[in-house]
Amino acid sequence: MAEQGIVTACVVVIGNEILSGRTQDRNVNYLARGLEALGIRLREVRMIPDDRETIVGTVNACRAAFDYVITTGGIGPTHDDITSECVAEAFGVGLYRDPEVVELIRSYLRSGEMNEARMRMATFPEGAELIANPVSAAPGYRIDNVFVLAGVPQIMQAMFDGMEHHLSGGARMRARAVHVHLPEGAIAEALGRVQERHPAIDIGSYPAMRGRRFGVSVVLRGTDGAALDRALAEIREALVALGGEPTDESPDNPPEPED
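No experiment lies behind these values; they were computed from the predicted model shown. (Residues numbered from 1 in each chain as written. Predicted model: local features only at pLDDT ≥ 70, side-chain atom pairs only at ≥ 80, totals over all residues. Heavy atoms only, no water.)

Below, the discussion takes up the overall build of the chain. Along the backbone of the chain there are nine helices and 12 strands. Oriented by its inertia axes, the alpha-carbon framework of the chain measures out at about 70 × 40 × 30 Å. Within the span of the chain, comprising 259 residues, buried residues form 44% of the whole. Of the contacts formed within the chain by residues at least 6 apart in sequence, a portion of 71% connects residues at least 24 apart. (Helix = DSSP H or I, 4+ residues; strand = E, 2+ residues; numbered from the N terminus. Buried < 20%, exposed > 50% of the residue type's maximum accessible area, 1.4 Å probe, protein only. Contact = heavy atoms within 4.5 Å.)

In structure tokens:
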């Protein structure tokens, strides 16, 4: 499980359409930001196909390794939406059909549109706690530390926003960032020395453009604001010594990276 005092999560993106490139994932960024705001570290993202053995194995491996697992995709009405069946198998439980959810889904449809395919969206692993879907009725659910959400971004976001009370985080991550018009290779050694002195802080450098000039954004992340400020001061000093003029920037809205 996670390091002491740190709460971790893994996102499992399920869907052949993601792996083929036909559909672009738009959920991971939203989840990463939402989890970080709750003090939960997103440690891994796995993208896997609609394959029973792969889904079962991935769910079991991830729920043992992380505090929280969030899956997206595979809970719709079509033949390849097999996530719920696989989650039930992973937990060694059966499936049940919830009559209240059947009626809820029916209420969103025109007369005669309810069919067996749509009934699949009212079928859940035994013991699941449902997560409301205010967009299109069919809910997601939670079973133990695994949260099973829709793949459609608008629906997934609404589900995640409604399940936050189920998530307990650790210390909130804080961040600092500066930008400097120097090559990344020129500052690498200096950043490495600061990193050695501050092992509890994550220091990253990201090539970026600002005003048609090439440079680097340096981002520091950690839970101790005072420690971040000390490390940032050391980085500023090092960048100035290398001939740079570091300027503050938002760690959440850096310049666009160079193509």
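Okay, the sheet that holds strand E12 (residues 247-248) next. In spatial order, the strands read E10-E11-E9-E12; together these four strands make up an open sheet with antiparallel pairing. Each end of this open sheet is capped by a strand with a single partner; those strands are strand E10 (202-210) and E12. Direction of pairing for E10 relative to strand E11 (residues 213-222): antiparallel, over a ladder of nine bridges. Residue pairing for E11: Ile203 is matched across the bridge by Leu220. (Pairing = 2+ DSSP bridges.)

Moving on to the pattern of salt bridges. Following the criterion strictly, the structure yields 11 salt bridges and no others. Arg106 is the partner of Glu103 in a salt bridge, and the nearest nitrogen-oxygen pair spans 3.4 Å. With Glu103 and Arg106 both in helix H5 (residues 99-107), this residue pair falls three residues apart, about one helical turn. Of the charged contacts, one joins Asp229 and Arg176 as a salt bridge, the two residues approaching to 2.8 Å between their closest N and O atoms. With Asp229 in helix H9 (residues 225-241) and Arg176 in strand E9 (residues 174-180), this residue pair connects regions lying 53 residues apart in the sequence. On the basis of relative accessibility, which here comes to 40%, the residue Asp229 falls in the partly exposed class. (Salt bridge = Lys/Arg side-chain N within 4 Å of Asp/Glu carboxyl O.)

The grouping of Leu19, Val45 and Met47 at the surface amounts to a nonpolar patch, some 240 Å² of accessible area in total. Inspection of the secondary structure puts Val45 in strand E2 (residues 40-48). (Patch = residues over 30% accessible without salt bridge, like charges linked within 9 Å, V, L, I, M, F, W, Y side chains within 5 Å. Areas by Shrake-Rupley, 256 points an atom, 1.4 Å probe, with all protein chains shown as cover.)

For the pair helix H8 (residues 184-197) and H9, the least separation of the axes is 10 Å and the interaxial angle reads 155 degrees. Taken together, H8 and H9 sit at an angle that is classed as roughly antiparallel. Regarding H8 and H9, the two cross each other, and that crossing is right-handed. Contacts between H8 and H9 involve Ile187, Ala190, Leu191, Val194 and Arg197 on the former and, on the latter, Ala231, Glu234, Ile235, Ala238 and Leu239. (Axes fitted to C-alpha atoms, helices over the stretch in contact; angles between N-to-C directions. Parallel < 35°, antiparallel > 145°, perpendicular 65-115°, else oblique. Left-handed = near helix turned anticlockwise from the far one by under 90°.)

Let's shift gears to the side chain of Asp25. Tracing the sequence through the fold places Asp25 in the loop between helix H1 (16-20) and helix H2 (28-37). Among buried charged residues, Asp25 stands out as having no salt bridge; its nearest opposite-charge side chain is Arg26, 8.4 Å away. Of the polar contacts made by the side chain of Asp25, one reaches the backbone nitrogen of Asn27; its length is 3.3 Å. Contact partners of Asp25, with chain neighbours within four places excluded, come to Val13, Ile18 and Met47. (Lys, Arg positive; Asp, Glu negative; His and termini not counted. Polar contact = N/O pair within 3.5 Å; in protein donor to acceptor, adjacent residues only side chain to side chain.)

What follows concerns the packing of aromatic side chains. The full count for this structure, using the stated rule, is four aromatic pairs. A ring pair is formed by Tyr30 and Phe160, whose centres lie 6.3 Å apart and whose planes are at 80 degrees; its orientation type is edge-to-face. Here Tyr30, found in helix H2, pairs with Phe160, found in helix H7 (residues 153-163); they are 130 residues apart in sequence, far enough to count as distant. Phe160 gets classed as buried once you look at its relative accessible area, which sits at 1%. Measuring from centroid to centroid gives 5.7 Å for Phe124 and Tyr141, while their planes differ by 80 degrees, and the two rings are edge-to-face. Of this pair, Phe124 sits in strand E5 (residues 123-125) while Tyr141 is found in strand E7 (residues 137-143), placing the two residues 17 residues apart along the sequence. Using a relative accessible area of 1% as the deciding quantity, one classes Phe124 as buried. Over the ring of Phe91 we find Arg63, and its NZ or CZ is 3.9 Å from the ring centre. (Phe/Tyr/Trp six-rings, centres within 6.5 Å; stacked < 30°, edge-to-face > 60°. Lys NZ or Arg CZ within 6 Å of the ring centre and 35° of its normal.)

Buried residues dominate strand E3 (residues 68-72), accounting for five of its five residues. By the alternation rule, side chains of E3 split into Tyr68, Ile70 and Thr72 and Val69 and Thr71, which are all buried.

The subject of this paragraph is the packing of helix H3 (residues 52-65) against helix H4 (residues 83-91). Axis separation between H3 and H4 bottoms out at 9 Å; the angle between their running directions is 50 degrees. On the basis of the axis angle, H3 is oblique to H4. Crossing of H3 over H4 shows right-handed handedness. Listed contacts from H4 to Arg52, Ile55, Val56, Val59, Asn60 and Arg63 of H3 are Glu85, Cys86, Val87, Glu89, Ala90 and Phe91.

These figures come from the coordinates and say nothing about function on their own.
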